[in-house]
Amino acid sequence: MRAMRNSGRVALGTLAGAAIAALIAPLIRPLFSAPHGGVGFVTVAAYPKSWDYAVVALLIASAFAGGAIAAMFAPRSTSEQLVRRPSVQVSWITAIVVFMLMIFMHDMPYALIEPFHEGEHLTAGWLMKSGARPYGDFYIFHGLATDAALDALVLGDPPSPLHVRRQQTILDALTLALLVPIAFELTATTIGAIAGVITSLCAMAALWLPLFPFYRLAPVMLALIALLRYRRNGSALALFIAFASSTLGVLWSLDTGMYALTSVAICFVVLRIARLEEKPLPLMRVVLLAIVAFMLPIIILVAVRADIRQFFIDSFVVMPRAIDAVWSLPAPAKLFSGEAVRYYLPPIFYGYLFALALLAWRRGDRWAASRLIVVAVFSVLLFRTASGRVSWAHTRFSMPLLGIAVVAFVIEPLLHNRQRLAALVVIVPLLFYFEIAQNFSAGAKLLAGWRGRQRHEGLVRYPFATGKGIYALPQNAKDLEALNGLIVALDRNHGTILDLSNERAIYYLLQRRAPIRCMEISMLSVPRMLDEAMAQLNAHPPVCVILEGYAEVAKYDGLSNRDRVPALAAWIDAHYPNRRHAGRFLVALP
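So, here's what we can say about the structure. Keep in mind the model is a prediction, meaning the values are calculated, not measured.

Some points on the packing of helix H10 (residues 218–233) against helix H16 (residues 366–382)
Moving on, step 1. Across the interface, H10 lies against H16 with an axial gap of 11 Å and an inter-helix angle of 165 degrees. Classed by the angle they form, the pair H10 and H16 counts as roughly antiparallel. As for the relative orientation of H10 and H16, their crossing is right-handed in sense. On H16, the residues touching Val 220, Ala 223, Leu 224, Leu 227, Leu 228 and Arg 231 of H10 are Arg 366, Trp 367, Ser 370, Arg 371, Val 374, Phe 378 and Leu 382.
Moving on, step 2. Partitioned by chemical class, the residues of the contact of H10 with H16 number 9 nonpolar, 1 polar and 3 charged.

So, the packing of aromatic side chains
Moving on, step 1. The full count for this structure, using the stated rule, is 23 aromatic pairs.
Moving on, step 2. Consider the rings of Phe 349 and Tyr 352, whose centres lie 6.1 Å apart with planes at 40 degrees: the pair is tilted. With Phe 349 and Tyr 352 both in helix H15 (residues 338–362) and 3 residues apart, this pair spans about one turn of that helix. Tyr 352 shares its class with Phe 349; the two are buried.
Moving on, step 3. Feature note: the residues Tyr 343, Tyr 344, Phe 349, Tyr 350, Tyr 352 and Phe 383 constitute an aromatic cluster, connected by ring pairs.
Moving on, step 4. Above the face of the Trp 51 ring, Arg 29 is positioned so that its terminal group lies 5.0 Å from the ring centre.

Some details on helix H13 (residues 283–303)
Moving on, step 1. Over its 21 residues, H13 runs 31 Å from end to end, which matches the ideal 30 Å to within 8%, given 1.5 Å per residue.
Moving on, step 2. Within H13, burial applies to Val 286, Leu 289, Ala 293, Pro 297 and Leu 301.
Moving on, step 3. As for H13, its buried residues are in contact with helix H6 (144–154), helix H11 (236–252), helix H12 (254–273) and helix H14 (308–327).
Moving on, step 4. Just downstream of H13 lies Arg 305, where phi reads positive at about 60 degrees.

Things to note about the pattern of salt bridges
Between side chains of opposite charge, pairing is possible as soon as their charged atoms come close.
Moving on, step 1. Scanning the entire structure with this criterion turns up 25 salt bridges.
Moving on, step 2. When the shortest N-O distance is used, the salt bridge between Glu 185 and Arg 229 registers 3.0 Å. Linking Glu 185 in helix H8 (residues 179–186) with Arg 229 in helix H10, this pair joins segments that are 44 residues apart in sequence.
Moving on, step 3. Connected through shared salt-bridge partners, Glu 339, Arg 342, Arg 396 and Glu 435 make up one network.

Rules used throughout
Counting restarts for each chain: residues are numbered from 1 in the order of the written sequence. For this predicted model, a pLDDT threshold of at least 70 governs which residues receive local features, and a threshold of 80 or more governs which side-chain atom pairs are given and counted, while totals over whole chains, interfaces and linings are taken from all residues. Excluded from the side-chain calculations are hydrogens and water; all other atoms, namely the structure's heavy atoms, are used. Axes here mean lines fitted to C-alpha atoms, for a helix over just the part in contact, with angles spanning 0 to 180 degrees between N-to-C directions. In DSSP terms, a helix is any run of H or I states spanning at least four residues, a strand is any run of E spanning at least two, and both are numbered starting from the N terminus. An angle below 35 degrees is read as roughly parallel, one above 145 as roughly antiparallel, one from 65 to 115 as roughly perpendicular, and any other as oblique. Working rule for handedness: look at the near helix, and if it is turned counterclockwise from the far one by less than a right angle, call the crossing left-handed; if clockwise, right-handed. The criterion used for residue contact is that any of the two residues' heavy atoms lie within 4.5 Å. Under the grouping applied here, Gly and all other residues not named as nonpolar or charged are polar, the nonpolar ones being Ala, Val, Leu, Ile, Met, Phe, Trp, Tyr, Cys and Pro and the charged ones Asp, Glu, Lys and Arg. Between 30 and 60 degrees the pair is tilted, below 30 it is stacked and above 60 it is edge-to-face, where a pair is any two Phe, Tyr or Trp rings, Trp via its six-membered ring, whose centres lie within 6.5 Å. Partly exposed describes any residue whose relative accessible area lies between the buried limit of under 20% and the exposed limit of over 50%, with all areas from a 1.4 Å probe on protein chains only and scaled to the type maximum. Note on geometry: a ring has a charge over it if NZ (lysine) or CZ (arginine) is within 6 Å of the ring centre and within 35 degrees of the ring normal. Multiplying 1.5 Å by the helix residue count minus one yields the expected span of that helix. Each salt bridge in this description consists of a side-chain nitrogen of Lys or Arg and a carboxyl oxygen of Asp or Glu lying within 4 Å of one another.

What follows is the structure, encoded as structure tokens:
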């Protein structure tokens, strides 16, 4: 009972610290300015995006400080600790069930191509399969695997997104199934582990968002599992997997790979300094494992003939400087809206986890302290996704560990200490916060509709050689046929085209290359990238420029590419003054 009183004190201290942070946050806003180095929503609106990060950091730090003060005054002695009762058989069964459910929920082989997001990786994958050098011949925005290599592995001849979608469905299911071993490492009971998995799936809206790249979280999941197991048994293999998952993760998906890499480094240092490793490895062996892990991405880059110098420039110079200016969105303005609550509560909870870790460390509970530290560090760094581009989907994508952590560190201790009323008070609002009912309803509909999604009724084949396995609405097919006919009439020698409409799938569908390395037009608002693109355009001008297509695709965040890169638009107007319509497309001609 005393342990619960201590946890209650920490919770109250955490809330008090968060309240102080909420009072301070508006006062420090004038200290921050809008980002620069590119053009996006926050730059046009002159929104101080760095203030959002400061608010999140302030919430975490203040919540921790308040909880830490309470923890320091808490008695060291506690009641009986929770004892881990692992069930390997149930873990495997649960993982298989999650994998199979996600397969059937996320399998949408004939869904309409989303020309912007799917175009990013379909085009890059086709280029890589055609012999183009990653980073050198074409720019990679998210990561080598996510944007090109995975597609290049499965694209046929003629290439078909059907195989790409099936691959992503399997990878999504595998990644989401990794929540199961994470839950069984963190929770104390089998029921708690299963409840944690379900809650985390709902927190991510994984039963709700079938066409979303959850597989990009794989480096974080693998590194977390491996680090927890290393801490428990001192396995050199587990530590190497944690290192390798994070270093290779940078090639898998740059953002999540960097979160995994930074998390592993921080956690290992903290675990060693605080002496929380069960069987610590010799330091020189750790260094050797780290060196080998850091060499793996270089070996892969060499193997795929990537431009290594450009990889480092694009990934660690251009992207960090420009991403906020180009693609960030502001935090919720209405503090008492549903999305604001969903966005601001996790940082407070992560501060609470850090404070609980301090409490556990003070009372000598190394198992609890180490789990709390690892989960809190990984969760905080992954929350960068939510705080960067604040949106419904990105916020949920950043919370794969939240449900498991709530069950493991809040609900299970309450039930273990027979605080059933307190557990009920916590569980009821969480049912709404995690949108359990909405997820189950959406998931049931996706399961029921699986058989119907294996057909393509009402759709027609794309009118090109690349159309094998690709289906579209009849009007879209006619529009693309008209566009292809116009371009072929201008040039039959596979000359380049430039897309300004944000429909990057056009390159892939028409099997036409771009005259520039960076086809992500938004990134051309970065001066360095614009200078490179203009030099390439002047040296090798395209046959034509596609100015407009779908209106809703052309203006992400309310900005057109003309708004983002006016210098490029002026060049097009000067060199391609004639306009012609081809279906829904507006094309600029010389």
